[in-house]
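One-letter residues, chain by chain:
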Amino acid sequence: MHIEWSTFFIQIIAFLILYLLLSKFAFGPLFGMMEKRRQLVKDQIQTAENSRKQADQLLEEQKQALQQTRKEAYDIIEQAKQTGSKQADEIIHAAQAEAGRLKDEALKDIETEKNKAVAALRSQVGAMSVMIASKIIEKQIDEKSQEELVEQYLKEVGGNV
């Protein structure tokens, strides 16, 4: 194998000229576009990372807000239960007090009516006794007739009561 040095140097010089021309006109813009593309991808990755961090932060805030809302709802429910229970107790106590008051009034009414009935009965018995006594005095009868008369008036008194 034989090397021709003249052709070799011409090819080297042509290669260097081609390389210089390519570097100036092709590699520069190509590398510039590649650098812009690399920077764009890097910026997009950074933006995506920032968005992910914001999303994680917002998610955590949402979880905390939801947990707080659940706690508040639970507190409201508990408070409503306590209020309902308290009101139920108050209603029961009021009903028991009203029932006691009505019972006392009924007992007083019964006692009043009983006293009225006893007074009426006493006045009737007194009137009957006077009537019996006047009849006995008028008739001056024997003991057996007197008993019959008393029984008759007692039956009449029993029928009137």
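Residues numbered from 1 in each chain as written. Predicted model: local features only at pLDDT ≥ 70, side-chain atom pairs only at ≥ 80, totals over all residues. Heavy atoms only, no water.

- Looking up the protein chain in an unreviewed UniProt entry gives the name ATP synthase subunit b, with the organism given as Paenibacillus hexagrammi.
- As its UniProt record puts it under Sequence similarities (unreviewed entry), the protein chain is described as follows: "Belongs to the ATPase B chain family." (UniProt positions renumbered as here; feature names shortened; annotations may be inferred.)

## Some remarks on the overall build of the protein chain
Right, on to step 1. A tally of helices and strands in the protein chain yields 2 helices and 0 strands.
Right, on to step 2. Among the 161 residues that make up the protein chain, the fraction classed as buried is 3%. (Helix = DSSP H or I, 4+ residues; strand = E, 2+ residues; numbered from the N terminus. Buried < 20%, exposed > 50% of the residue type's maximum accessible area, 1.4 Å probe, protein only.)

## Focus on the packing of aromatic side chains
Right, on to step 1. Applying the stated criterion across every chain, the model contains 5 aromatic pairs.
Right, on to step 2. Pairing W5 with F8 gives two aromatic rings, centres 5.6 Å apart and planes at 90 degrees, and the pair type is edge-to-face. Taken together, the residues W5 and F8, both in helix α1 (residues 5-139) and 3 residues apart, mark about one turn of the helix.
Right, on to step 3. Given a relative accessible area of 35%, F8 falls into the partly exposed group.
Right, on to step 4. Where Y19 meets F27, the ring centres are 6.0 Å apart and the plane angle is 55 degrees; that geometry is what we call tilted.
Right, on to step 5. Residue F27 is classed as partly exposed on the basis of its relative accessible area of 26%.
Right, on to step 6. Taken together, the aromatic side chains of W5, F8 and F9 make up a single cluster linked through ring pairs. (Phe/Tyr/Trp six-rings, centres within 6.5 Å; stacked < 30°, edge-to-face > 60°.)

## Overview of a nonpolar patch on the surface
Right, on to step 1. A cluster of nonpolar side chains, namely I3, W5, F8, F9, I12, F15, L16, Y19 and L20, defines an oily patch on the protein surface of about 960 Å² accessible area.
Right, on to step 2. Summarising the element assignment, F15 is placed in helix α1.
Right, on to step 3. Residue F15 is classed as exposed on the basis of its relative accessible area, which comes to 54%. (Patch = residues over 30% accessible without salt bridge, like charges linked within 9 Å, V, L, I, M, F, W, Y side chains within 5 Å. Areas by Shrake-Rupley, 256 points an atom, 1.4 Å probe, with all protein chains shown as cover. Salt bridge = Lys/Arg side-chain N within 4 Å of Asp/Glu carboxyl O.)

## Focus: the pattern of salt bridges
Right, on to step 1. Across all of its chains, the model carries 8 salt bridges by this definition.
Right, on to step 2. D56 is the partner of R52 in a salt bridge, and the nearest nitrogen-oxygen pair spans 2.8 Å. Of this pair, R52 and D56 both sit in helix α1, 4 residues apart, which is roughly one turn of that helix.
Right, on to step 3. Where E105 meets R101, a salt bridge forms, and the shortest distance between an N and an O atom there is 2.3 Å. You can see E105 and its partner R101 sitting in helix α1, 4 residues apart, about one turn around the helix.
Right, on to step 4. Three or more residues joined by partner-sharing salt bridges are found here, namely E49, R52 and D56.

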